[in-house]
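# Tertiary structure, described
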Amino acid sequence: MVIAALHRKLLRDLWRLRGQVVSTAAVVACGVMLVVAMYGTRRSLQHARDDYYTRARFGHVFAGATRVPLPVATRLAAIPGVTVVDPRVTGFASLDVPGLDLPAGGRVVSLPDDAGAGLDRLHLVSGRRARPHAVDEAVVSAGFARANALGVGDSIGAVLEGRWRRVQVVGIAIAPRFIWELSAAPGYTADERAFGVLWLARDAAESALGLRGAFNDIMLGLAPGVDPAPVIAAVDSILAPYGGTGAVARERQPSHAILEGEFRQLRVFGLMLPLIFLAVAAFLLNVVLGRLVATQRIEIAALKAFGYTDREVAGHFLAFAGAVVLVGSIAGVALGVWLGGLYTGLYANVLRFPAIAFALDPVSALGAIVASGAAALAGAWVAVRGAASLAPAEALRGESPERYRPLLLERLGVVRALPSALRMVLRHVEHRPARAASTSIGVAMALALLSGTLALFAAAFHMADVQFRVAQREDVAVSFDRPRPPDAARELTRLPGVLVTESFRIVPVRVRRGTVVRTTAITGMPPGGALHRLVDQEGRVHAVPPSGAVVGAAFAARLGVHVGDSLRIELLERGGEPRAVPVVALLDELFGRNIYMAADALDRLVGDGGRVSGAWLRIDPQREPTLLAGLKRVPAVTGASSRHALVAAWDRQMLEGLRVSGTLVVVCAVVIALGAVYNGARIALSERARELASLRVLGFTRREVALLLLGEQGALVAVALPIGLVGGAGLTTLLTRAFQSEDQRFPVLISPMLNAGAALVVVAAAVLAAALMRRRLDRLDLVAVLKTRE
Amino acid sequence: MRIPEALVDRVTAWDEPARDARGTPGAVFEVRGLGKTYHMGDVDVVALRDVDLDVHAGELLVLLGASGSGKSTLLNILGGLDVPTVGTVRFTPVQGASRDLTRADADALTRFRREHVGFVFQFYNLIPALTARENVALVTDIARAPMPAEEALRLVGLGERLDHFPAQLSGGEQQRVAIARAIAKRPDVLLCDEPTGALDAETGRLVLGVIDQVNRELGTATIVITHNAPIAAMADRVLRMTSGRISEASRNTTRVSPSELTW
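Since the structure is predicted, the reported quantities are computational estimates derived from the model, not experimental observations. (Residues numbered from 1 in each chain as written. Chains lettered and ligands numbered in written order. Predicted model: local features only at pLDDT ≥ 70, side-chain atom pairs only at ≥ 80, totals over all residues. Heavy atoms only, no water.)

All right, on to the overall build of chain A then. A tally of helices and strands in chain A yields 22 helices and 22 strands. Counting only C-alpha atoms, chain A reaches 100 × 60 × 50 Å along its principal axes. Split into buried and exposed, the 790 residues of chain A put 55% on the buried side. Pairs at least 24 apart in sequence give 82% of the contacts found in chain A among residues at least 6 apart. Mean positive and mean negative side-chain charge positions of chain A (86 and 64 charges, respectively) differ by 7 Å. (Helix = DSSP H or I, 4+ residues; strand = E, 2+ residues; numbered from the N terminus. Buried < 20%, exposed > 50% of the residue type's maximum accessible area, 1.4 Å probe, protein only. Contact = heavy atoms within 4.5 Å. Lys, Arg positive; Asp, Glu negative; His and termini not counted. Charge placed at Lys NZ, Arg CZ, Asp CG, Glu CD.)

Printed below as a string of structure tokens:
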């Protein structure tokens, strides 16, 4: 039967050209895998979060105050659109965890007596809730518990309002409000050991925090579709007499905001990167299959001579392209599901939703397959059409010697004496520039992807370097339970091992500029301090001006303020009329929406005669353990963070990311480079087998012939390297822009070392492709090749 | 149809005329008991069996035979493109030591081709990306004492077309470039496999004329294989091959000029 024989040919062709089939399918697999893994991870996480928010009844509006009598809650519940109010008491504690060498910071939150009532419900990972009225029972947040190896039944010490007490861990839980467990300390605490949430029974929390019959923290649930803005205004006006610190919508809730930031980055990686990969894959597929079909000219002519129709012939070769895409897609989907599971697992480690499972998103997977398929078929189609349009006899005659011309350089008279071999290579390139360009572009794309994405990791390490080695140079940061007189910091100096102490003040404020309202804090620091300094993206140190405020550049841009403008600031803890602070400098820093002032200028602004919120210490490293243990016994201290631990935690987190994502990017870049070079060389070999065999017959050694073919590919790779690096820089800029947020700036970092490394990886892939080709070249059958006609 | 072995007289090409006896000084190739069997799947195809042959310096030898008679296999083995299954091929250059090609490894065979052998093929095998001059230079670049590429091309009558690309040359011109490329290294032997196979008769005579001229002027031992019997008249010696054996050997008293050949 006609069709069956052609099908058999298809299978045999696939097997015969397996090297090319595999290397091309691998490129497809890479693109599809990334789409499946990244889209799927993002969607799975988003689903998990949305589902969790709904089930745990995450609030819509959040507010804090100094002390609000409980009956006021009913007035809040009466605000139109509000369906649930959940008043709580909350405060900060210093936690003494057995085995932890420093005092951890704790956020104490009360639990409603009725487990089924209220918002932000606990999801117990193990154990149970604290019984109502039980004063010594606590539920501990899961991240903190895990980092400190705390289990149900363990007990820890907690200093609340200056009183040390022992609490027993009865449960380990998570809640939507603390998906990201963050301390109130300045900087980003990545050290999970050092901060945790403690849920106590309402009674116990009220008495421990001295808030009997009152609340200082409230969450509100809104009816679907209700605009939070008027609710926030109403809440603020009700809570104003009670020291209300300003209500925020869910978007500004700290944990949610950070989660959104993560999702944003995932969206960039999840949408942009796979699309770029897919585009590269499609390009390669198009070129490779086009060239592959072009080399089968004679077969196409023969099939036509036997009486196959153009349609059947075209169908046969398109099926070949389709098979490559199919193989790649199946592998891509399988790998994507595996990788998606891995990624989701990594996120699950940090995010701790109650249930995160990777789910394949069929639409995006199908989209990726269709895109690859379309690119492949389009590439094959152009070549098939070209061959099928020839009269059979003409095609069988084979192409007459290709018309070459002297090189442009030679015609211009610039170069005269070139070795013949070099001339051959250059004329091939000049004769078929598109063909040569396809190899170069493929390799350049691989390199651009590699250097462009790895630069992000370099940026992250650079950020840590600037942050921890230039800006935050203190060994230990100590926070006090509340603003204390400057003596409190001076007392720390007396602790054994403390070499230098610099106190700081954190004043929570609300900044208003037009319609933009942000809750943040002003950090007051000593001008000329040596430990904690103002540092920009490049690591340059800036002086703290004696008066006026320094504002983070990204934050300033968001607020629309410039140097010389003044900021309208509301002090959240003291209330009173808004005050104006002149902006004297902008600081292009890496993290946060920060405002800095000289400590005494801040004291004058607040007008309370000077307070400190904590201190930065330089210590004798030999005595760090003793000192940290000592800090646990200082009642005023609610937490201390060690720079070593922060650096270690950051590095661990980054390295884990780098291990997975870096490996992934390297593998994909290698696959693409390998695909471009191997296919380029392989097709060049089939196009020029005769020529190369002739050279062998004329007495050229295998080495010389290999050098000729692979030298050409090498030259194309060499041309690709600078292009790839420029493209990489472009990609870095693009990704950096996409990552930029109000809270985090990614510097565009072009690292020569990293670029050299990326180039080396790509060159290694090219060398591997060359080695594979060399084997094939060595087996070139001289006699057979010479006996066939062109 | 296979000719029964008994019917094919075993003709030994070296022991027939008195002055061609084995061991005569001046033999470039001494071939003894040469055989070649190809294993094609489960079938063994015998391409050459028990061939004895001497090729002398300066002589022009025409090897006649139908397709499949083994003449190309013999030529490929002599040229170091292939190795025999049994037998020996001793090669003695005009200057230099004698060697056994059957014991040479792939690198040694490459060196042998590079230094001593000129090849001319039916389909020219020129490099399309290089001009006539450059195609010849390709070989002179790697040869030990070549003639200038231009001289080689003048020898074949292409002194005026040095900078033309293959696509700009006729078939006969392309074949003459191939001959120039083959002789530019001043080879000890010139091996021509159906050099006129792709050409019309007139152009073919022209190309054979060049081969004849090179043989006379440079004194290069030349072997021309062809299935075209009239060409045999231009040779010093004619060998006919059948079923992998040399079935007939004869010597021409005079060499007919290629321009007088007709087919």
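Now that the structure has been shown, we can carry on.
Moving on, we come to the confidence of the model for chain B. Mean pLDDT for chain B: 85, with 90% of residues reaching 70 or above. Ignoring residues within four places in sequence, the model shows residues 14-24 of chain B, a span with pLDDT below 50, making 20 contacts including any to other chains. (pLDDT = per-residue confidence, 0-100.)

What follows concerns the interface of chain B and chain A. Where interface size is given, it is often the accessible area lost as the parts come together that is meant. Facing the 29 residues of chain B at the interface are 30 residues of chain A. At the boundary of chain B with chain A, total buried surface from both sides reaches about 2,700 Å², with 62% on carbon and sulfur atoms. Our count for the contact surface shared by chain B and chain A stands at two salt bridges. Residue B:Glu134 is joined to A:Arg427 by a salt bridge in which the shortest nitrogen-to-oxygen separation is 2.4 Å. Our count for the chain B to chain A interface comes out at nine residue pairs in polar contact (both at pLDDT 80 or more). Within the residue set of the side of chain B that touches chain A, elements represented by two or more residues are α1 (71-78), α2 (106-116), α3 (132-140) and α5 (171-183) of chain B. (Buried area = accessible area lost by both parts, 1.4 Å probe. Salt bridge = Lys/Arg side-chain N within 4 Å of Asp/Glu carboxyl O. Polar contact = N/O pair within 3.5 Å; in protein donor to acceptor, adjacent residues only side chain to side chain.)

Moving on, we come to the packing of aromatic side chains. A complete count under the given rule lists eight aromatic pairs over all chains for this structure. Grouping aromatic residues by their ring pairs yields a cluster made of A:Tyr53, A:Phe58 and A:Phe62. Over the ring of A:Trp15 we find A:Arg18; its NZ or CZ atom is 4.2 Å from the centre of that ring. Over the ring of B:Trp263 we find B:Arg205, and its NZ or CZ is 5.7 Å from the ring centre. (Phe/Tyr/Trp six-rings, centres within 6.5 Å; stacked < 30°, edge-to-face > 60°. Lys NZ or Arg CZ within 6 Å of the ring centre and 35° of its normal.)

Before going further, it helps to examine the packing of helix α14 (residues 433-471) of chain A against helix α20 (residues 702-739) of chain A. All names here are of chain A. At a closest axis distance of 5 Å, the pairing of α14 and α20 adopts a crossing angle of 40 degrees. Taken as axis vectors, α14 and α20 run oblique relative to one another. Of the two elements, α14 crosses α20, and the hand of that crossing is right-handed. Within the contact of α14 with α20, the residues separate by chemical class into 18 nonpolar, 11 polar and no charged. (Axes fitted to C-alpha atoms, helices over the stretch in contact; angles between N-to-C directions. Parallel < 35°, antiparallel > 145°, perpendicular 65-115°, else oblique. Left-handed = near helix turned anticlockwise from the far one by under 90°. Nonpolar A, V, L, I, M, F, W, Y, C, P; charged D, E, K, R; others polar.)

All names here are of chain A. Once the domains are mapped, chain A shows domain 1 (1-58 + 253-399), domain 2 (59-252), domain 3 (420-473 + 644-790) and domain 4 (498-619). Just the C-alpha atoms count here: the centres of domain 3 and domain 4 sit 47 Å apart. Taken together, the contact between domain 3 and domain 4 spans 15 residues of the former and 20 residues of the latter. Buried area between domain 3 and domain 4, summed over both chains or domains, comes out near 1,700 Å², and the portion from carbon and sulfur atoms is 50%. Run the count over domain 3 and domain 4 and you get zero salt bridges. (Domains from an automatic or database assignment.)

Once that is clear, we can look at the packing of α3(B) against α5(B). If you want to describe how two helices pack, look at the angle between their axes and the distance between the axes. Residue and element names in this part refer to chain B. At a minimum axis separation of 8 Å, α3 and α5 run at an interaxial angle of 25 degrees. Here α3 is positioned roughly parallel relative to α5, judged by the angle of their axes. Between α3 and α5 lies a crossing of right-handed hand. Residues Ala 132, Asn 135, Val 136 and Val 139 of α3 lie in contact with α5, whose contacting residues are Val 177, Ala 180 and Arg 181. Of the residues that constitute the contact of α3 with α5, the class distribution is five nonpolar, one polar and one charged.

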